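Summary of the model geometry
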Amino acid sequence: MAVKTIITEPNPLLRQISKPVDKVGDEERLLMDDMLETMYAANGIGLAAIQIGIPKRIIVMDICKEENKKEPRYFVNPVIKNKDILKSTYEEGCLSVPNQFAEVDRPKKCDIEYLDYNGEKKILKAEGLLATCIQHEIDHLEGILFIDYLSKLKKSMIIKKLSKNKSTRIVV
Ligand code: NI
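Below you will find a few notes about this structure. Note that the structure is a prediction, hence the values are computed from the model and not measured.

Each value, and the rule that gives it
- Here, residues in each chain are numbered from 1, in the same order as that chain's written sequence.
- With the structure being a predicted model, the display of local features is reserved for residues of pLDDT at least 70 and the display and counting of side-chain atom pairs for 80 or more, all residues being used for whole-chain, interface and lining totals.
- Think of the side-chain values as coming from all heavy atoms in the structure, minus any hydrogens and water.
- Strands are runs of DSSP state E lasting at least 2 residues, helices are runs of H or I lasting at least 4, and numbering of each runs from the N terminus.
- Throughout, radius of gyration means the C-alpha value; the globule benchmark is 2.2 Å times the number of residues raised to the power 0.38.
- Should any heavy atoms of two residues lie within 4.5 Å, those residues are counted as being in contact.
- Only buried Ala, Val, Leu, Ile, Met, Phe, Trp, Tyr and Cys residues count toward a nonpolar core, and they belong to the same one when joined by side-chain atoms within 4.5 Å.
- Burial here depends on accessible area, computed with a 1.4 Å probe over protein chains only, as a share of the maximum for the residue type. Under 20% is buried, over 50% is exposed, and the range in between is partly exposed.
- By this definition, two strands are paired if DSSP reports at least two bridges between them.
- Nitrogen, oxygen and sulfur within 2.8 Å of a metal are treated as its donors, or within 3.2 Å for sodium, potassium and calcium (Na, K, Ca); water is not counted, so a site can appear incomplete.
- Between the rings of Phe, Tyr and Trp (Trp by its six-membered ring), a pair exists once the centres lie within 6.5 Å; its type follows the angle of the planes, with under 30 degrees stacked, over 60 edge-to-face, and the other angles tilted.
- Our definition puts a charge over a ring when NZ of Lys or CZ of Arg is within 6 Å of the ring centre and also within 35 degrees of the ring normal.
- To obtain each axis, a line is fitted to C-alpha atoms, and for helices this fit is confined to the stretch in contact; angles are then taken between N-to-C directions over 0 to 180 degrees.

1. Quick notes on the overall build of the chain
Looking only at helices and strands, the chain features 3 helices and 7 strands. Starting at the N terminus and walking to the C terminus, you meet the elements of the chain as α-β-β-β-β-β-β-β-α-α. Against the 2.2 N^0.38 benchmark of 16 Å for 172 residues, the chain shows a C-alpha radius of gyration of 16 Å, consistent with a compact globule. Its C-alpha atoms give the chain principal-axis dimensions of roughly 55 × 40 × 35 Å. Restricting to contacts in the chain with at least 6 residues of sequence separation, those with at least 24 account for 64%.

2. Section: the nonpolar core
Core analysis: the largest hydrophobic core is formed by 17 residues, its most contacted members being Ile 59, Met 61, Phe 75, Ile 112, Leu 124 and Ile 134. Among the secondary structure elements, those contributing two or more residues to this core are strand 2 (58-61), strand 6 (109-115), strand 7 (121-127) and helix 2 (129-141). The dominant element in this core, judged by the number of residues it contributes, is helix 2, at 6 residues. In this structure, Phe 75 is in contact with Arg 57, Ile 58, Ile 59, Met 61, Ile 112, Tyr 114, Leu 115, Leu 124 and Ile 134, ignoring residues within four places of it in sequence. Residues Val 24, Met 32, Ile 52 and Val 60 belong to the second largest nonpolar core, which totals 16 residues.

3. Some thoughts on the pairing of strand 5 (residues 97-107)
Where strand 4 (residues 87-94) meets strand 5, 7 bridges bridge the pair, whose relative direction is antiparallel. Opposite Tyr 90, over in strand 5, you have Val 104 as the bridge partner. As consecutive antiparallel partners, strand 4 and strand 5 are separated by 2 residues.

4. Here we look at the coordination of the nickel ion
Octahedral six-donor coordination of a metal ideally yields angles of 90 or 180 degrees, compared with 109.5 degrees for tetrahedral four-donor coordination. Only Cys 94 (SG), His 136 (NE2) and His 140 (NE2) from the protein coordinate the nickel ion, and they sit 2.1 to 2.3 Å from it. Counting residues between consecutive donors of the nickel ion along the chain gives the motif C-x41-H-x3-H. Taken together, the positions of Cys 94 in strand 4 and His 136 in helix 2 put the pair 42 residues apart, joining distant regions of the chain.

5. Comments concerning the packing of aromatic side chains
By the definition in use, this model includes 2 aromatic pairs. The interplanar angle of 50° and the centroid separation of 4.6 Å between the aromatic rings of Tyr 74 and Tyr 117 together place this pair among those described as tilted. Separated by 43 residues along the polypeptide, Tyr 74 in strand 3 (residues 73-81) and Tyr 117 in the loop between strand 6 and strand 7 bring together distant segments of the chain. Relative to Tyr 114, the ring of Phe 75 lies with its centre 4.6 Å away and its plane at 55°, an arrangement referred to as tilted. You can see Phe 75 sitting in strand 3 and its partner Tyr 114 sitting in strand 6, a full 39 residues away along the chain. Over the face of the ring belonging to Tyr 40 we find Lys 70, whose NZ or CZ atom lies 4.9 Å from the ring centre.

6. Points about the sheet that holds strand 2
Spatial strand order, 1-2-3-6-7: 5 strands in an open sheet with antiparallel pairing. Every interior strand has two partners, whereas the edge strands, strand 1 (46-48) and strand 7, have only one. Geometrically, the sheet is characterised by an average inter-axis angle of 40° between neighbouring strands, direction not taken into account. Across 4 bridges, the pairing between strand 3 and strand 6 is antiparallel. Across the sheet, the residue bridging to Val 76 is Leu 115, located in strand 6.

7. So, unusual backbone geometry
Backbone geometry follows two general trends: most residues other than glycine have a negative phi, and most peptide bonds adopt the trans configuration. Each neighbour pair has its own omega, and for Glu 9 with Pro 10 the value is -5°, a cis peptide bond. Structurally, the position occupied by Pro 10 is in the segment before helix 1 (26-41). The residue Asn 77 is not glycine, and still its phi comes out positive at about 50°. Relative to the helices and strands, Asn 77 is located in strand 3. Unusually for a residue other than glycine, Asn 82 sits at a positive phi of about 50°. Within the secondary structure layout, Asn 82 lies in the loop between strand 3 and strand 4. Overall, the relative accessible area of 60% leaves Asn 82 in the exposed class.

Right, here's the structure in full:
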């Protein structure tokens, strides 16, 4: 396993639409292992493959809050079904939008159809944090970031800030 570099906004890669996976094989499992290690190292609770520059429809998550306990989840080709009309609001952040947070409304409950680590077809009934997190991650597969839900002004302020942090300033 290896910790990979997480791509941050602004970067056109993050706007790419990820491609479906034909088959969950060793290559995909190795990628999922690397993604999980990368996510844990960055103290995140979810990561999409495109965030490490790989445009495949693969997500890893672990929303377990207990210390020293791991509950990794793997989603390949996830599809959202039955979105709730009711919304819940969380203050979201993203490993690709470092140190920025904002409230986002999303359907409170949803069902997810996906393939698991072994390539088996599964359905997950998600609600609360789990539902919000999986929806945030599936957005990544479509090239959508949580800042896209904010006002134009707020979004451009965040991007400006991130761009500034990216350039290396030297005074000599
Ligand atoms: Ni994210």
